[in-house]
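Summary of structural features
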Amino acid sequence: MLGITPFGMVHTVISLVAVAAGVVALVRYGEINSRITSGRIYLIMAILTCLSGFFIFQHGGFGKPHALGILTLLVMAIAFSAERGNWFGRLSAYVSVVGYSMTLFFHMIPAITETATRVPPSHPLAAGPEAQVVQASVGLAFLVFLIIAALQVRRVLLARRMPPAASRGPINKPAAR
């Protein structure tokens with residue numbers, strides 16, 4: 001079914017949980033953050049997705065998906081460091097929220113590609129990752145990421161201008177949820 005091995009199916013399920021948790025965090029809190037439950041689920045499942053992806057060699061060896069996995073883990077580490085360690089000073093909140101959202105965009109690239117090249121099973125929407133429908137869909141996902149990132153930057157700016165009691169959401173607040 002869909003040309004996926006059992007290991008590939010587990011990898012896919014893990015990645016779907018990651019994407020769902022990331023979307024829930026974005027919709028509910030306006031950001032992905034390790035201090036909120038949906039954010040923690042996203043981070044754990046996203047890391048597992050990247051790690052399991054390193055064992056999938058659909059085209060014979062190390063390829064673009066593996067490089068994207070490494071990039072995702074690197075950006076995630078930077079975002080986590082910004083969130084927890086304040087490594088970037090006043091820019092830490094921006095680096096954290098935009099970085100985590102960027103990793104969600106990175107997850108959308110293989111999600112779009114794999115879906116378009118496998119569904120429907122009898123006649124997939126695209127012949128490969130270079131197909132116009134795949135490229136356009138990834139471009140649209142990137143546009144959505146840019147809009148979300150702009151809204152998050154605006155939200156951080158506004159939160160810094162408000163008195164601490166008036167700001168909402170997890171930005172700069174270690175609230176447990």
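Relevant structure appears above.
Residues numbered from 1 in each chain as written. Predicted model: local features only at pLDDT ≥ 70, side-chain atom pairs only at ≥ 80, totals over all residues. Heavy atoms only, no water.

1. Regarding the overall build of the chain
Rules: The way it works is that DSSP assigns letters per residue, a run of H or I at least four long becomes a helix, a run of E at least two long becomes a strand, and they are numbered from the N terminus. It only takes one pair of heavy atoms within 4.5 Å for two residues to be counted as in contact. Exposure was quantified through the Shrake-Rupley algorithm and a 1.4 Å probe, taking into account, for residues, occlusion by the shown protein chains and nothing else.
Looking only at helices and strands, the chain features 5 helices and 0 strands. Helices (α) and strands (β) of the chain occur, in sequence order from the N terminus, as α-α-α-α-α. Summarising the internal contacts of the chain: among those between residues at least 6 apart in sequence, 59% fall at separations of at least 24. With the model as given, the accessible surface of the chain reaches about 10200 Å², and the carbon-plus-sulfur share is 73%.

2. A short note on the pattern of salt bridges
Rules: Note on definitions: salt bridges are taken to be side-chain nitrogens of Lys or Arg within 4 Å of carboxyl oxygens of Asp or Glu. Note on exposure labels: buried denotes an accessible area under 20% of the residue type's maximum, exposed denotes more than 50%, and partly exposed covers the range between, all computed with a 1.4 Å probe on protein chains only.
Applying the stated criterion to the full structure yields 5 salt bridges. Taking the shortest distance from any N to any O, the salt bridge between E114 and R118 comes out at 2.7 Å. Taken as a pair, E114 and R118 lie in helix α4 (residues 92-118) at a separation of 4 residues, close to a single helical turn. Overall, the relative accessible area of 17% leaves R118 in the buried class. Several salt bridges share partner residues, and in doing so they unite R35, E83 and R84 into one network.

3. Some words on the packing of aromatic side chains
We apply this condition: Any Phe, Tyr or Trp ring, taking Trp's six-membered ring, that has another such ring centre within 6.5 Å forms a pair; planes under 30 degrees apart are called stacked, those over 60 apart edge-to-face, and the others tilted.
In this structure the tally under the stated criterion is 4 aromatic pairs. Where F105 meets F106, the ring centres are 6.0 Å apart and the plane angle is 50°; that geometry is what we call tilted. For the pair shown, F105 and F106 are each scored as buried. Judged by centre distance (5.8 Å) and plane angle (20°), the rings of F105 and F145 are stacked. With F105 in helix α4 and F145 in helix α5 (residues 132-161), this residue pair connects regions lying 40 residues apart in the sequence. Residue F145 is classed as buried on the basis of its relative accessible area of 7%. An aromatic cluster of three or more residues is present, and its members are F105, F106, F142 and F145.

4. A word on the side chain of H107
Looking at the secondary structure, you find H107 in helix α4. Residue class for H107 comes out buried when judged on its relative accessible area of 7%. When neighbours within four sequence positions are excluded, H107 is seen to be in contact with V19, Y42, A46, T49, C50 and T72.

5. A closer look at helix α2 (residues 37-53)
Our working definition: Between the first and last residue of a helix there are one fewer steps than residues, each counted as 1.5 Å, and that sum is the expected span.
Taking 1.5 Å as the rise per residue, α2 with 17 residues should run 24 Å; its terminal C-alpha atoms sit 24 Å apart, in good agreement. Taken residue by residue, α2 has S38, G39, Y42, L43, M45, A46, T49, C50, S52 and G53 as its buried positions. Summarising the contacts, the buried residues of α2 are in contact with α1 (6-29), α3 (64-85) and α4.

6. A short note on unusual backbone geometry
In the segment running from V119 into P120, the intervening peptide bond is cis, with an omega of -10°. Here P120 is to be found in the loop between α4 and α5. Positioned with a positive phi, N86 is a non-glycine residue whose angle comes to about 55°. By the element assignment, N86 lies in the loop between α3 and α4. Residue class for N86 comes out partly exposed when judged on its relative accessible area of 49%.

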